[in-house]
Amino acid sequence: MAAARRRRDTMRRRWKAFSKGLHEFYIGPYRQTFLREKRDEDDMFMIAVLGEALGVPDPAAYYTAELMPAVWEDFHDWHRRIGIPRSPLDHIACC
Amino acid sequence: MGSLVLMIIGLGMFALGFLVYSKYLSRRVFKLSDDFKSPAHELYDGVDYVPTNKFILWGHHFTSVAGAAPIVGPAIAVIWGWLPAFLWVTVGTVFFAGMHDFGALWASVRNKGLSIGALSARYIGKRGANLFLVVIFLLMLMVIAAFAVVIKNLLISTPAAVIPTWGAIGVALLVGLAVYRLRWPLVPVTIVGVVALYALIVLGNAVPVVIPESFLGMSPATFWIIVLFVYGAMASLLPVWVLLQPRDYINGVQLFVGLILLFGSVLTGVLFAANKPDIVAPAFNTNLPDGTPSLVPLLFVTIACGAISGFHGMVSSGTSSKQLDKEKDSRFVGYFGAVGEGMLSLGTILAVIGGFKTAADWQSVYKAFGEGGVEAFVQGGGALMENGLGLPASLSATVLATMAVLFAATTMDTGMRLLRFVVQEIGQTVGTKITKFPATLVVVAVGIGLTFSQGLGGEGGLRIWPLFGTTNQLMASLTLSIIAVMLIRKRRNPLPALIPLTIVFVLSFWAAISQLLDFTKPGQADWLLFSLDVIIIVASVWVAIEAVLAMRRAKLAPPEPDDEDAKIVAVREEL
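Residues numbered from 1 in each chain as written. Chains lettered and ligands numbered in written order. Predicted model: local features only at pLDDT ≥ 70, side-chain atom pairs only at ≥ 80, totals over all residues. Heavy atoms only, no water.

**Student:** Tell me what's going on with the confidence of the model for chain B, and back it up with residues and numbers.
**Tutor:** All names here are of chain B. Per-residue confidence for chain B gives a mean pLDDT of 85, with 96% of residues at or over 70. Helix 23 (residues 564-567) is the least confidently modelled element of chain B, averaging 56 in pLDDT, while helix 5 (residues 82-109) averages 95, the highest of any element. Between residues 569-575, whose pLDDT stays under 50, and residues either more than four places distant or in other chains, the model counts 9 contacts. Among the prediction metrics, the complex's ipTM stands at 0.76, with pTM recorded as 0.85. (pLDDT = per-residue confidence, 0-100. Helix = DSSP H or I, 4+ residues; strand = E, 2+ residues; numbered from the N terminus. Contact = heavy atoms within 4.5 Å.)

Quick look at the structure:
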């Protein structure tokens, strides 16, 4: 009984490892491309949310204002990435 | 029986190479150590630098380097007889490719995962890096033009491969959809994908698609080349998850299945079949067709991938080195990756020399230089599989043709994507921003222009194939010279790098010169190839001088202490 359970556990572990390996084989070569794509999308989102604050007239500002706290955490990385060394906004003093 | 003996000798040499020679390299020459923190750990970012299990990394590395070239090269080169091709593939894999790929991986790992281009700037000089851009542009251009012709020839000679070839795109689209949109688990999706692909092969075999002599006002050759370029352009523009990623993946799985089928059929054929497969091709072909170039040096540039290939160094230092978990894994990933490709070449040689019934059959296929090629692989390998596994010859041939087409097509659309990046980069250097659509248009125009430069049959595409070998080997010499400079600086034995470097350089330079003379022959002068060849020759002389100077500097400089690598400051920003 115990032996059968042990065998089943081993089989399950091996199957899991195989499945994980296959998954890695699938996504590995393109990991970088996807993460870059996601970053670009996030940057787009950041611009949409901060548009009004940066001086771009934004008819949806009333709605996006609510999302501002959600982007603060990534704000510093974002402004450095797009080539602005210091925070362009007075009310977010990240650096 | 001969096929099995050859297979055992070949696989035995690869095994010895891996177990003995690569052990020597890793212990005495590269002095691999698990104490060394690999770039994947040191610079971990979850994007480029990710420590990966060595078996999976080997899978990535192997499937990235194995395109159509290890099939095309040996299938053409056996025209000189099987022995030279067999020797160059086995000895080349063990002492040249293994050292080169393993060394490139080690060099890059010891330098924060920098690519060969950046390493050449560091060890040989900035001019080396500029040369690298020229070479890579030419290489990619050759790849897309030549592979368009290879695929076109296969689609015409094996009409049964038409449905599976284009159907594979559908399968890939569905796999991408199932994994990313429907979030289905990968294992069943893989099984269904591979089964669907093989079902398409059976369907294609039952319904061959032959394009009429004049279709939409074009010959079949012109039609397929244009369709392939349009497809390549679309594939290179689509988001990667839609087509490229699932297709590369299914192809990777297919590659392993194909290798098992090929070697398995030689084994079962000899052990169980009534007609034991035998080698019908001569060991040395004394009855060479007119116009066949001389064995030395052309053999050594005709079989590039499968013996030694500069392209592998790009993969080793481009992506593999950034994912290496422990330094000691580089022996398995780098050296055994080269062995994997050597096995594919060996399988090709066995198929094209043992798959024909009589020597006359073989001669009728190899009636001119460049004639045998992939079609011989498909035909010979098909017969071998029929004999060994009992699959009907036509079905086996379709399996192999689809395999070859899929490899070539993956390389072609990846090549188009990379060439597009190069065009965009060139645009940046001259100060204009080229968006992806015009850049793709430029790539398609240049590619089609080159393919049709010798006629509407696409002759221009394959006639530059020998130049591919020379350019590729030149890149291999560049990589080997970087390894040699590093070894000299560390006062370690540089001979394992210097010997293959000298041989490969001399042979590819010789081949380039002899081709140059051919291109100026009155009556059959070819000025396009002549100009490309001149660029290659100038580049090789340049590399040789730079490399010798760098080695002299390295010899005169004080020896590099063993822990120097740990102190190296990243030169990434500087470059």
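**Student:** Give me unusual backbone geometry: which residues, what numbers.
**Tutor:** With the exception of glycine, most residues fall at negative phi, and the peptide bonds are largely trans. Residues and elements named next belong to chain B. For the peptide bond that leads from Val296 to Pro297, omega is 10°, which places it in the cis range. One can find Pro297 in helix 12 (residues 295-302). A positive phi angle, close to 55°, is found at Lys112, a residue other than glycine. Mapped onto the elements, Lys112 comes out in the loop between helix 5 and helix 6 (116-123). Overall, the relative accessible area of 15% leaves Lys112 in the buried class. (Buried < 20%, exposed > 50% of the residue type's maximum accessible area, 1.4 Å probe, protein only.)

**Student:** Quick one: what's the story with a positive patch on the surface, residue by residue and with numbers?
**Tutor:** A cluster of like positive charges, contributed by B:Lys23, B:Arg27, B:Arg28, B:Lys31 and B:Lys328, occupies part of the molecular surface. Taking the relative accessible area as the measure of exposure, B:Lys23 reaches 36% and is therefore partly exposed. (Patch = residues over 30% accessible without salt bridge, like charges linked within 9 Å, V, L, I, M, F, W, Y side chains within 5 Å. Areas by Shrake-Rupley, 256 points an atom, 1.4 Å probe, with all protein chains shown as cover. Salt bridge = Lys/Arg side-chain N within 4 Å of Asp/Glu carboxyl O. Lys, Arg positive; Asp, Glu negative; His and termini not counted. Charge placed at Lys NZ, Arg CZ, Asp CG, Glu CD.)

**Student:** Account for the confidence of the model for chain A, naming residues and giving values.
**Tutor:** On average, chain A scores 83 in pLDDT, and the residues at 70 or more come to 100%. Model confidence for chain A, summarised as mean pLDDT per element, is weakest for helix 3 (residues 61-64) of chain A at 80 and strongest for helix 1 (residues 2-27) of chain A at 91.

**Student:** Account for the packing of helix 11 (residues 244-272) of chain B against helix 14 (residues 329-354) of chain B, with residues named and values stated.
**Tutor:** All names here are of chain B. Two elements in contact, helix 11 and helix 14, have axes separated by 10 Å at closest approach and are oriented at 45°. Taken together, helix 11 and helix 14 sit at an angle that is classed as oblique. Classified by chirality, the crossing of helix 14 by helix 11 is left-handed. On helix 14, the residues touching Leu255, Leu259, Leu262, Phe263 and Val266 of helix 11 are Met343, Leu344, Leu346, Gly347, Thr348 and Leu350. Residue classes in the contact of helix 11 with helix 14 are distributed as 9 nonpolar, 2 polar and no charged. (Axes fitted to C-alpha atoms, helices over the stretch in contact; angles between N-to-C directions. Parallel < 35°, antiparallel > 145°, perpendicular 65-115°, else oblique. Left-handed = near helix turned anticlockwise from the far one by under 90°. Nonpolar A, V, L, I, M, F, W, Y, C, P; charged D, E, K, R; others polar.)

**Student:** Describe the interface of chain B and chain A, and please don't skip the residues or the numbers.
**Tutor:** Every contact between the two is made by 25 residues of chain B and, on the other side, 19 residues of chain A. Summing both partners gives a buried area of about 1,900 Å² for chain B against chain A, and 73% of it is carried by carbon and sulfur. For chain B, the biggest contributors to the area lost against chain A are B:His60, B:Val187 and B:Gln245; these three give 28% of the whole. Counting across the interface, chain B meets chain A through 1 salt bridge. The salt bridge partner of B:Asp48 is A:Arg36, with a shortest N-O separation of 3.6 Å. Inspection of the region where chain B meets chain A yields 5 residue pairs in polar contact (both at pLDDT 80 or more). Listed by contribution, the elements that provide at least two residues to the side of chain B that touches chain A are helix 3 (54-65), helix 8 (162-180), helix 9 (186-206) and helix 11 of chain B. The element contributing the most residues to the side of chain B that touches chain A is helix 11 of chain B, with 7 residues. A breakdown of the residues in the side of chain B that touches chain A according to their chemical character gives 14 nonpolar, 9 polar and 2 charged. (Buried area = accessible area lost by both parts, 1.4 Å probe. Polar contact = N/O pair within 3.5 Å; in protein donor to acceptor, adjacent residues only side chain to side chain.)

**Student:** Before we move on, can you summarise a nonpolar patch on the surface with the specific residues and values?
**Tutor:** A contiguous nonpolar patch, built from B:Leu16, B:Leu19 and B:Val20 and spanning about 300 Å² of accessible area, is present on the exposed surface. Mapped onto the secondary structure, B:Leu16 falls in helix 1 (residues 2-29).

**Student:** Mind laying out the nonpolar core, listing which residues take part and the relevant values?
**Tutor:** Residues and elements named next belong to chain B. Core analysis: the biggest nonpolar cluster contains 157 residues, and Phe30, Ile353, Tyr366, Val374, Phe377 and Met412 have the highest contact counts within it. Considering each element in turn, this core owes the most residues, 18 residues, to helix 7 (residues 126-157). Other than its neighbours up to four places away in sequence, Met412 contacts Ile144, Phe147, Ala148, Ile151, Leu228 and Phe229. Counting 19 residues, the second largest nonpolar core, distinct from the first, contains Val175, Val179, Val189 and Leu406. (Core = buried A, V, L, I, M, F, W, Y, C linked by side-chain atoms within 4.5 Å.)

**Student:** Describe helix 13 (residues 310-323) of chain B, naming the residues involved and giving the relevant values.
**Tutor:** All names here are of chain B. End to end, helix 13 covers 20 Å across 14 residues, agreeing with the expected 20 Å (1.5 Å per residue, within 8%). Along helix 13, the helix axis deviates most sharply at Ser316, where the bend reaches about 40°. Most of helix 13 is tucked away, with 11 of its 14 residues classed as buried. Turning to helix 13, its buried residues number three or more, namely Gly310, His312, Gly313, Met314, Val315, Ser316, Ser317, Ser320, Ser321, Lys322 and Gln323. (Expected span 1.5 Å × (residues − 1). Bend = angle between axes of the 7 residues up to and from the residue.)

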